[in-house]
Each structure stands twice: as C-alpha cells, then as structure tokens.
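Descriptive structure summary
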Amino acid sequence: MSDPVVLTDCCLAPTVSASSASYAQKETLAFEGGVIVFVGEEASLPRDYAQAPRRSVEGRVVTPGLIDCHTHLVYAGSRAREFEMRLTGASYEEIMRAGGGIFSTVEATRAAGEDELLESALSRLDRLMAGGVTTVEVKSGYGLDIETELRMLRVARALEVHRKVTVRTTFLGAHAFPKDMTADDYLTHICLPALDQAANEGLVDAVDGFCETVGFSRKQIGRVFDRAKALDLPVKLHAEQMSDQKGAMLAANHRALSADHLEYLCADGVAAMAEAGTVAVLLPGAFYALGETQLPPIQTLRDAGVPMALATDCNPGSSPTTSLLLIMNMGAVLFGLTPQECLKGVTVNAARALGLKDRGTFEVGMRADIAIWDVTDPAELTYRMGDAPLKQRVFGGELC
Ligand code: DI6
Ligand code: FE
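Residues numbered from 1 in each chain as written. Chains lettered and ligands numbered in written order. Predicted model: local features only at pLDDT ≥ 70, side-chain atom pairs only at ≥ 80, totals over all residues. Heavy atoms only, no water.

1. Overview of the pattern of salt bridges
All chains considered together, the criterion is met by 24 salt bridges. Residue Asp-126 is joined to Arg-163 by a salt bridge in which the shortest nitrogen-to-oxygen separation is 2.6 Å. In this pair, Asp-126 is assigned in helix 4 (residues 114-130) and Arg-163 in the loop between helix 5 (146-162) and strand 8 (166-174), connecting sequence segments 37 residues apart. For Arg-163, a relative accessible area of 27% translates into the label partly exposed. Among the charged side chains, a salt-bridge network with shared partners connects Asp-358, Arg-359, Arg-367 and Asp-369. (Salt bridge = Lys/Arg side-chain N within 4 Å of Asp/Glu carboxyl O. Helix = DSSP H or I, 4+ residues; strand = E, 2+ residues; numbered from the N terminus. Buried < 20%, exposed > 50% of the residue type's maximum accessible area, 1.4 Å probe, protein only.)

2. Some thoughts on the coordination of the iron ion (ligand 2)
The iron ion (ligand 2) binds to the protein through His-70 (NE2), His-72 (NE2), His-238 (NE2) and Asp-313 (OD); the donor distances cover 2.1 to 2.3 Å. Taken together, the four donor atoms coordinating the iron ion (ligand 2) span angles of 82 to 167° at the metal, a pattern that classifies the geometry as irregular. Residue His-238 is classed as buried on the basis of its relative accessible area of 3%. (Donors = N, O, S within 2.8 Å, 3.2 Å for Na, K, Ca; no water. Tetrahedral: all angles 85-135°; square planar, octahedral: opposite > 155°, others 65-115°.)

3. Some words on the nonpolar core
One finds Leu-159, Val-207 and Trp-373 to be the most contacted residues of the largest nonpolar core, which totals 97 residues. It is helix 6 (residues 183-200) that contributes the most residues to this core, nine residues altogether. Shared between two domains, this core holds at least three residues of each, these being domain 1 (5-64 + 360-399) and domain 2 (66-353). The residues contacting Trp-373, other than those within four sequence positions of it, are Arg-60, Val-61, Thr-63, Leu-66, Gly-131, Gly-132, Leu-325, Leu-381, Ala-388, Pro-389, Leu-390 and Lys-391. Among the nonpolar cores identified, the runner-up in size contains 15 residues, and Phe-31, Val-62, Phe-362 and Ile-370 belong to it. (Core = buried A, V, L, I, M, F, W, Y, C linked by side-chain atoms within 4.5 Å. Domains from an automatic or database assignment. Contact = heavy atoms within 4.5 Å.)

4. Remarks on the environment of Leu-283
Here Leu-283 shows up in the loop between strand 12 (279-282) and helix 10 (284-289). On the accessibility criterion, Leu-283 (0% relative accessible area) is buried.

5. What to know about unusual backbone geometry
Even without a glycine there, the phi angle at Lys-246 is positive, about 60°. Assignment of secondary structure puts Lys-246 in the loop between strand 10 (236-239) and helix 8 (247-253).

6. As for helix 9 (residues 267-276)
Of all the residues in helix 9, the buried ones are Gly-269, Val-270, Ala-272, Met-273 and Ala-276. Around the axis of helix 9, the buried residues are gathered within 165° of arc, so they sit on the same side. Among the exposed residues of helix 9, those pointing more than 90 degrees away from its buried face are Ala-267 and Glu-275. Summarising the contacts, the buried residues of helix 9 are in contact with helix 8, strand 11 (258-261), strand 12 and helix 11 (298-304). Following helix 9 by one or two positions, Gly-277 has its phi on the positive side, about 75°. (Arc of directions from axis to C-beta.)

7. Quick look at the site of ligand 1
Near ligand 1 you find 14 residues, and of these Arg-79, Tyr-92, Tyr-142, His-175 and Ser-318 are the closest. The side chain of Tyr-92 places a nitrogen or oxygen atom 2.5 Å from an oxygen atom of ligand 1. The fraction of the free accessible surface of ligand 1 (320 Å²) that becomes covered by protein chains is 100%. (Near = heavy atom within 4 Å. Polar contact = N/O pair within 3.5 Å; in protein donor to acceptor, adjacent residues only side chain to side chain. Areas by Shrake-Rupley, 256 points an atom, 1.4 Å probe, with all protein chains shown as cover.)

8. Section: the domain arrangement of the protein chain
Under the domain assignment used here, the protein chain contains domain 1 (5-64 + 360-399) and domain 2 (66-353). Taking only C-alpha atoms, the centre of domain 1 and the centre of domain 2 are 30 Å apart. Taken together, the contacts link 28 residues of domain 1 with 26 residues of domain 2. Between domain 1 and domain 2, a total of about 2000 Å² is buried, with carbon and sulfur atoms accounting for 63% of that surface. On the domain 1 side of the contact with domain 2, Thr-382, Arg-393 and Phe-395 bury the most area, a combined 29% of that side's loss. At the junction of domain 1 with domain 2, the criterion picks out one salt bridge. Salt-bridge contacts for Glu-398 lead to Lys-164; the nearest nitrogen and oxygen are separated by 3.3 Å. Connecting domain 1 to domain 2 are seven residue pairs in polar contact (both at pLDDT 80 or more). Where the side of domain 1 that touches domain 2 is concerned, the elements lending two or more residues are strand 5 (61-64), strand 14 (370-373), helix 15 (380-383) and strand 15 (390-395). (Buried area = accessible area lost by both parts, 1.4 Å probe.)

9. Examining the sheet that holds strand 9 (residues 206-211)
Spatially, eight strands are ordered 6-7-8-9-10-11-12-13 in an open sheet, and the strand pairing comes out parallel. A strand with exactly one partner marks an edge of an open sheet, and here the two such strands are strand 6 (66-68) and strand 13 (308-310). Each neighbouring strand pair of the sheet contributes to a mean axis angle of 25°, computed without reference to strand direction. Sheet analysis places strand 10 next to strand 11, joined by four bridges and oriented parallel. Residue pairing for strand 11: Leu-237 is matched across the bridge by Ala-259. Together, strand 7 (133-139) and strand 8 form the strand contacts of helix 5, whose direction differs from that of strand 8 by roughly 170°. (Pairing = 2+ DSSP bridges. Axes fitted to C-alpha atoms, helices over the stretch in contact; angles between N-to-C directions.)

10. Side note on the pairing of strand 12
Residues Val-279 and Val-281 of strand 12 are buried on one face, and the alternating residues Ala-280 and Leu-282, pointing to the opposite face, are buried as well. Direction of pairing for strand 11 relative to strand 12: parallel, over a ladder of three bridges. Considered in strand 12, the bridge of Ala-259 is made with Ala-280. With three bridges joining them, strand 12 and strand 13 adopt parallel strand pairing. Residue pairing across strands places Val-281 opposite Ala-309, the latter belonging to strand 13.

Shown next, in the form of structure tokens:
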C-alpha cells in the first residue's frame, strides 16, 4: 500500500461528483493505496491524514485523469495522400469504395509485425498521455482477418505493460469487409470466429461495429451483437456517422454502453438511448477532418438527459489526432458544448461509455487517476486549442 498523499489548494473542476455543477476552490484531495480517500475542505480532513505529507498545488486546476473512450490507436501506415484527395473533392465514401480508406490501413496493418505496431501505438499513446490521459480505449478493426485482428488486440493489451495507463480493448472486426467477400460471409467465416477466439484469449472488453452504407447493415450488426451477448461482452456502435441507419436504436435495444459519432441521429434514436442509458460518444475530430456539416443533435441529447462523452477517434483516416484537449475545444466550438460538458465528456461520461465505475470523478473510493494542470480556471482546458499544459499525472496513486 502506498503512503497517503494530501494535495491542498486545489481548484477542483466540476466533475468532483457526477452531479456537481460548480468549481470548488482551495479544496483538499487525499489519496492512499491507489484510491481517493478524501475530498473537501482541509479543515475536515480526517485525523488519520494529519501527519501525511502535504503538497500545495497553489490553486491549480486538478481533474480526474482524462479518459479517451474511442480510439483506433493501433495501426500502420499513413493516409496523408487520401487527405489530399479529399481536399480536391473526393469523398470519404468514394475513396473507400475505390479500395482506399480503411482498406489501405488494413493492408499496411496486415504487413506490420507486432513490434512495429507496438512502437507506433506507443508513440501515439505518449502524446495522449502528455495531454493528461490515464485511460484509453483501443479498437481492432484494421485486420479483417483472424490473425491480424488478434495481433491488434494483443498489441493494445501490451500498451498497458509499457506505460502507466489503463487500456480497454474493443473488438471491431465488423469495421469493413474484404472486397472479395460478402459482408455476411465475412461475418460467418472471419469476424465471428475471430471474436470467439479473441474473447477466449481474454483480449476483449467490449464489441463494436460500423453500421453504415459502406459498412454493415443493422441486421448484420445484430449478428455481431448476438455473439457478443453469448460471450457476455458489452457492445457499442459506430452509428449514424454518415447517414441515418437507425443504428443507435439497435445499439440501445442491446443496452449498448455507447453509440458513437451520431451526426445523423434522429429523435427516436435519442429517446431509445436515454431509455437504455446508452452514452452518446461525440467525435468532433472526424466531423472536422471530413468537413462534415451535419451536426449531432446536441440539444435533443441534452434535453433527453443522454450523457455525452467526447473522444479523439484517433485513426489514420478520419481523425488523425492524439490531443483529447483539442477535441474538447472542438466539442465546444463545433458542437456547442459548454466547457463543463466537455470536461465531463472526457471524465465521468467517458468512464461510463467504457462501463468503468471506478473512475472519472473524485468521489471517495474512486481510483486515484489525477491530472494536475498549470492553469487556474478549468475552462482553460477547453478554451485553449489543444495545449493546456499538464503539470503532473497521477496514475493509480502513483505520481508520474
Ligand atoms: N468511422 C470512423 O471515423 C473510423 N472508423 C469508422 O468506422 C475511420 C476509420 C478509418 O477511416 O480508417
Ligand atoms: Fe471510430
């Protein structure tokens, strides 16, 4: 058990508890044995901690460690050429239909060894962590064959061995299907067997799919979700990114942890998500990079009380970024979220999108995953365009 640490003079952002709304200045935060043991005024600090070493953070903002709840961090290759094609008018769907897009990353990822994948993913992870991230979700989906899907998940798990971070893995075999197969044949012969095997090897924390005209139909996603259920794994879904496929409704009917993207989400989908407690994971990086104009129905989600999370969607095609802080800024500027909503989006609501109940707020008993920032107003994290300076990261009670 690690010794207790007491941080004084903290400016605690409003994710202190899931419901609190205002900033708390000059607060004291104590952690011991990897968990938060006290939060409140110094005068009420339990006597047990009276002798513990005290560290003043001199009024700096202290937040829960940030959680990036949707990434495709493990991949090989670059799609800079495609970016140029899009700038001169080609659409994301056109490039994908012509065999580029996800398929070009699949080719590069299949050709890359485990070490190469690990090295490039670690370099991206380091940049995420430099922006205060302590938990990251990582998806497969650039293999589309059993061997590579499993390799991606193994690499994702290995990240946690090399860095002080929590990794949650998501099986995304239903991301695309090889050109020489039908979607259903791909599901039958590759995707579902890969899921079985990956789950068997303990490589999967959740199951995802891409419900889209250039991806899988609702019916096909239903097959993946049924298998996930049989394996006792929670589901999530890339839904309504480019068109309204009623994917979020399907996800909600399967009690999904989250439905992600949601630009084309309709009111029925919002209602189904609210009823099921499914988190809306908003990905303004993909919206921005693809030059989309259709906004997700933020006010409808807000009115319905659907928790909104924000994530990088870090991937080489539609969101080549490793700055969750920049995504917070985009969430505000592009989607109209308040700085406070942005902060909840990368802490408490992001934890919920991953089914993690032990982090994302500063309530007693939560993991001591903490980010101390060199700013004194929590809104600075969102206001600055991706470069709020991190002073210190604490992972599971360990200063690092
Ligand atoms: N939607 C996305 O934004 C990513 N995957 C998906 O289904 C993009 C993946 C890529 O273009 O490589
Ligand atoms: Fe994605």
